[in-house]
Amino acid sequence: MKLASKHSTGEGGSSNRSTMILAFLLFVFGFTASANAYSISFNQLTVGQTSVSNDADGWTAKTTGGKFQQKSQDGWNGVGISGKTGGEIDTTESILFTFNSPQHIDNFILTLLFSQGPYGDPNEIAGIQVNGTDWYYLTAKYPEADATWTMTDGKTISATTAWNCLTDDAHLTGGAAAWEVYNPFGDTAVSTLIFTAINSPTCYNNSDYTFNSLQTSAPVPEPATTFLLGTGMLSLLGVKRRKK
């Protein structure tokens, strides 16, 4: 006498259902899992400290060359380093951001990045390094309130990257020279981000500027390994059912 039919709910059926549920969750997780989004402002980088950790959001910021120091000008605020030019990021100084989960950078704002003229500055250059490898450069231009956004190694800037001077005063003494760069690194998943200053080729005074804010609005999905594992398990279950 047969005690179980093909509709049995014994141990085998229960095990199959559990496996299917797990595989389905992994399959969905491969599409939906994502990192936290961050909104980091200058006032979150505590003055007088060399390192700030935001455990709740999962990011840290560390200085090189001094401590965090704020600076305000023409109604704009930012943070820099307490070393060479107090409250600004100079050529031997930097702020390093580290993210627990890789991020898509939506935009960032820098201030006091002037073109040639004010304060005896050259066309000042902000250098931003991504993931410890690729370098990007925001260079103020004279005499217009404009800049260039470039990177090393002849790599192509994303077609959706854009930048503009928020204050239209990058060539004026007393201005704020605030710049916003949108989608600066394209689809790159960013784990570390360094802001520093670069000597101008015609430098008779060092480049320097302040950090205002950083925003991520489209978190980067987790690697596809989970998705592949889920689909693999579903495929194996399909083969097993056909054999039955």
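Residues numbered from 1 in each chain as written. Predicted model: local features only at pLDDT ≥ 70, side-chain atom pairs only at ≥ 80, totals over all residues. Heavy atoms only, no water.

Caption draft 1: View of the overall build of the chain. Assigned secondary structure in the chain consists of 2 helices and 14 strands. Across the 244 residues in the chain, those meeting the buried criterion constitute 41%. Put simply, the chain shows about 12,300 Å² of open surface, and 54% of that area lies on carbon and sulfur atoms. (Helix = DSSP H or I, 4+ residues; strand = E, 2+ residues; numbered from the N terminus. Buried < 20%, exposed > 50% of the residue type's maximum accessible area, 1.4 Å probe, protein only. Areas by Shrake-Rupley, 256 points an atom, 1.4 Å probe, with all protein chains shown as cover.)

Caption draft 2: Representation of the pairing of strand β10 (residues 146-151) in the model. Alternating positions in β10 separate cleanly, Ala147, Trp149 and Met151 being buried on one face and Asp146, Thr148 and Thr150 remaining unburied on the opposite face. Taken together, the 6 bridges between strand β9 (residues 134-141) and β10 define a ladder with antiparallel strand orientation. Each bridged residue has a counterpart across the sheet, and for Leu138 the counterpart in β10 is Trp149. (Pairing = 2+ DSSP bridges.)

Caption draft 3: Spotlight on the environment of Lys71. Take Lys71: it is sitting in strand β4 (residues 68-73). Taking the C-alpha atoms as reference points, Lys71 and Gly86, separated by 15 residues in sequence, lie 7.8 Å from one another. Dropping the residues within four chain positions of it, Lys71 is found in contact with Trp76, Asn77, Gly78, Thr85, Gly86, Gly87, Glu88, Leu112 and Thr210. In this structure the side chain of Lys71 is engaged in a polar contact, spanning 2.6 Å, whose partner is the side chain of Glu88. (Contact = heavy atoms within 4.5 Å. Polar contact = N/O pair within 3.5 Å; in protein donor to acceptor, adjacent residues only side chain to side chain.)

Caption draft 4: Just the environment of Ile40, in detail. Inspection of the secondary structure assignment puts Ile40 in strand β1 (residues 39-41). The exposure class assigned to Ile40 is buried, which follows from its relative accessible area of 1%. With residues up to four places along the chain from it excluded, the contact list for Ile40 reads Trp59, Phe97, Phe99, Phe211, Asn212, Ser213 and Leu214.

Caption draft 5: Here's a closer look at the side chain of Gln103. As for its position among the elements, Gln103 is in strand β6 (residues 94-103). There is a polar contact of 2.8 Å between the side chain of Gln103 and the side chain of Thr216.

Caption draft 6: View of the environment of Ser94. With respect to the helices, strands and loops of the structure, Ser94 is situated in strand β6. With 100 residues separating them along the chain, Ser94 and Ile194 place their C-alpha atoms 6.5 Å apart. Aside from chain neighbours lying at most four places away, what touches Ser94 is Lys62, Thr63, Thr64, Ile81, Ile89, Ile194, Phe195 and Thr196.

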